[in-house]
Amino acid sequence: MANENKANKQPLPTLSAADFAPVDINQHESEVIKRESLTAWRDTWERLRSNKIAMGGLVVLVLIVIGAIIGPLIAQWVHGYNYKSNDLSATNQPPSSLHWFGTDDLGRDMFVRTWMGARISLIIGLAAALIDLLIGVIYGGIMGYFGGRVDTIMNKFSEILYAIPYLLVTILLLVVLKPSLGTIILALTITGWINMSWIVRGEIMKLKNREYVLASRSMGAGTGRLLFRHLLPNASGPIIVTLTLSVPNAIFAESFLSFLGLGVQAPISSLGSMVENALTGWMFFPWRMLFPALLISIIMLAFNLLGDGLRDALDPSLKNK
Amino acid sequence: MARYITTKFLYTLLSLFILITATFFLMKAIPGDPFMSEKEVPAPIRARLEAQYGLDKPEIVQYVNYLGNILQGDLGISMKKLNQEVSHIIGQTFGVSLRLGLIAVVVSTIIGVALGLLAALYHRKMIDSVVMVLAVLGIAVPSFVLASLIQYLFGLKLHWFPITGLKDVLGYVLPVAALSAQPIAFIARLTRSSMLEVLHADYIKTAKAKGLKWPAILWKHVIRNGILPVVTYVGPMTANVITGSVVIERIFGIGGIGKVYVDSITNRDYTMIMGITLFYGIILMFARFVTDIVYVLVDPRIKLTSSKEG
């Protein structure tokens, strides 16, 4: 303001012919990008980072993964017991300095077992989600890319499979197969991939008619290059969101199976089987239920929050949907 | 429309057929047979037993018989409960589960829509945030955790409600609450996002501009249009309530079909497991079929792609 007033009071300067000479504009300089250029992924990351809730979910997940890795080791190192070692003279103990989360009905330490359970639940959730991803991308990629009759037949097939209730199929399989880590993951993925394949199909169908795909094709790119260099990377947003949200689904399904006695078998524990195990004495020994139940809820919550945040970050137009 | 329904119905039947086939061959894959016991059964007796149950015939004949029996509603005989027909046990126990499930469905729809509507009307206000936090919690907390928690808190510690059983109205409160939490959360989220969309639509502005009173706008335009997506949730909600009820019945000691299911899995009562699985499968597939049809019926904007083809 002060400068402007001063400028107004000054008399008009006398102009010479030189003042009317064209200003020398450097064409190249106008093209220089002043703002740091962000790749799509940096941009997504910046949006995600500004979302406090989603970042909270991410931080909590990282902490839980660290806990699942080092938790049992710490207890082994401090007290010298593992998830199997039991002490029948100290069953159903409340939390103490020796047993941080108390002990269960066989005198096993709940701290070790809870973190081992988290480890198993996370492994099952992640493995199931990754296998779903693999099958879903291949199946969905073929449907979306080739279209036509191939798509119609494969899509009808997946629709018919999808109509068979997911949990019933897993229950049937695990009743027949002996429940183990491998068979549980198999049972969870046998129809679990269908949703992912539909997401991939939809994205590829949308993207395959874009100009850059045509351009690449006209330059002689083959199917493989088109799919892996152009189509899938551009479809990765929805794929990642679906992946993130399918992890808690698998963890929930596993805990439900454990509840029916079809989950991982003792002495291995998953969070679901620990909750199931705690049900019998839960009125008297609430800590046996509390820690695994709390942890499984936190894991589910964190994955859901992170997934929602990722969806908003990858496609801001979907916000509040 | 008729064509659309027929196609959908045929696909549903096809899926059901696959499930039935799967149950049959999985049963065959189980080692051992129903007549295995600690004592060796003499060969003539075994042969007679097998003849009585048709197990001496080739597998393909057994399969056709199995299909025929299911069509007549005969799901076989329980392997652990002597001489009890699976369909009879289902008939005895299903009523309890059905009543509990229906109450949960009604409660979740009413509360879910109300919460979603409130959140949408007070968008970005306090109520909105509270509802959204509750919705996220409702989706994240597994039903068995919630059930145990409220059983401990309101049943054991506060003595407000009975801990187990469905003896009176109060007995229903905790199981229904545990069963409805997740559907309420889903419905609230669905309703909120759909109502938000409707509230910003041009026809709401038009309605306001022509001087319609706000309650009338809300009832005639906002709710009518915003409630449509909730219909799509009928199928998933049925699935949710059934799986939830399997867990809830066990925790609250309710003698419904869910408890029979858990028990039969624990006892490896294979015919019972397969029978109840088929029964659940039929309900769930029927719910999905109804969802597809109702959704088209209530929303004429949805184009029927199948009716346009060839």
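Conventions and cut-offs
Residues numbered from 1 in each chain as written. Chains lettered and ligands numbered in written order. Predicted model: local features only at pLDDT ≥ 70, side-chain atom pairs only at ≥ 80, totals over all residues. Heavy atoms only, no water. Patch = residues over 30% accessible without salt bridge, like charges linked within 9 Å, V, L, I, M, F, W, Y side chains within 5 Å. Areas by Shrake-Rupley, 256 points an atom, 1.4 Å probe, with all protein chains shown as cover. Salt bridge = Lys/Arg side-chain N within 4 Å of Asp/Glu carboxyl O. Helix = DSSP H or I, 4+ residues; strand = E, 2+ residues; numbered from the N terminus. Contact = heavy atoms within 4.5 Å. Core = buried A, V, L, I, M, F, W, Y, C linked by side-chain atoms within 4.5 Å. Buried < 20%, exposed > 50% of the residue type's maximum accessible area, 1.4 Å probe, protein only. Buried area = accessible area lost by both parts, 1.4 Å probe. Nonpolar A, V, L, I, M, F, W, Y, C, P; charged D, E, K, R; others polar.

Student: Looking at this structure, I do not really get a nonpolar patch on the surface. What am I missing?
Tutor: On the surface, Val59, Val62, Leu63, Val65, Ile66, Ile69, Ile70, Leu73, Ile74, Trp77, Val78 and Trp100 of chain A cluster together to form a nonpolar patch covering roughly 1100 Å² of accessible area. For Trp100 of chain A, the location among the structural elements is in the loop between helix 4 (52-79) and helix 5 (110-146).

Student: How should I be thinking about the environment of Leu305 of chain A in this particular structure?
Tutor: On the secondary structure map, Leu305 of chain A appears in helix 13 (residues 286-314). Along the sequence, Leu305 of chain A and Ala54 of chain A sit 251 residues apart, while their C-alpha atoms lie 5.3 Å from each other. In this structure Leu305 of chain A touches Ile53 and Ala54 of chain A together with Val136 of chain B, once residues within four positions along its chain are discounted.

Student: Can you walk me through the nonpolar core in this structure?
Tutor: Across soluble globular proteins, nonpolar side chains show a tendency to be buried alongside one another. Residues Ile171 of chain A together with Tyr261 and Tyr280 of chain B are the most contacted members of the largest nonpolar core, which totals 124 residues. Counting residues per element, this core draws most heavily on helix 5 of chain A, at 13 residues. Counting 14 residues, the second-largest nonpolar core is a separate cluster that includes Val200, Leu207, Leu232 and Ile239 of chain A.

Student: Whenever I open this one, the interface of chain B and chain A confuses me. Can you help?
Tutor: Interface size is commonly expressed as the accessible surface area that is lost when the partners come together. Listed per partner, the contact involves 50 residues of chain B and 38 residues of chain A. Together, the buried faces of chain B and chain A total about 3900 Å²; carbon and sulfur atoms form 74% of this surface. Our count for the chain B to chain A interface comes out at two salt bridges. Broken down by secondary-structure element, the contributors of at least two residues to the side of chain B that touches chain A are helix 1 (2-29), helix 5 (126-140), helix 6 (143-157), helix 7 (169-199), helix 11 (234-251), helix 12 (257-266) and helix 13 (270-298) of chain B. In terms of residue class, the side of chain B that touches chain A is built from 32 nonpolar, 10 polar and eight charged.

Student: Help me understand helix 7 (residues 166-176) of chain A, please; the structure alone is not making it clear to me.
Tutor: Think of an α-helix as 3.6 residues a turn; residues three or four steps apart then line up on the same face. Along helix 7 of chain A, 10 of the 11 residues are buried, which leaves the element largely enclosed by surrounding structure. For helix 7 of chain A, the set of buried residues is Leu167, Leu168, Val169, Thr170, Ile171, Leu172, Leu173, Leu174, Val175 and Val176 of chain A. Where the residues of helix 7 of chain A are buried, they touch helix 8 (181-189) and helix 11 (223-259) of chain A together with helix 1, helix 11, helix 12 and helix 13 of chain B.

Student: Just checking my understanding: could you explain the pattern of salt bridges for this structure?
Tutor: Should their charged atoms come close, side chains of opposite charge can pair. Residue and element names in this part refer to chain A. One pass over the structure, following the stated rule, counts 12 salt bridges over all chains. For Asp308, the salt bridge goes to Arg311, with nearest N and O atoms at 3.5 Å. With Asp308 and Arg311 both in helix 13 and three residues apart, this pair spans about one turn of that helix. Overall, the relative accessible area of 15% leaves Asp308 in the buried class. Look at Arg311 and you get partly exposed, because its relative accessible area is 24%.

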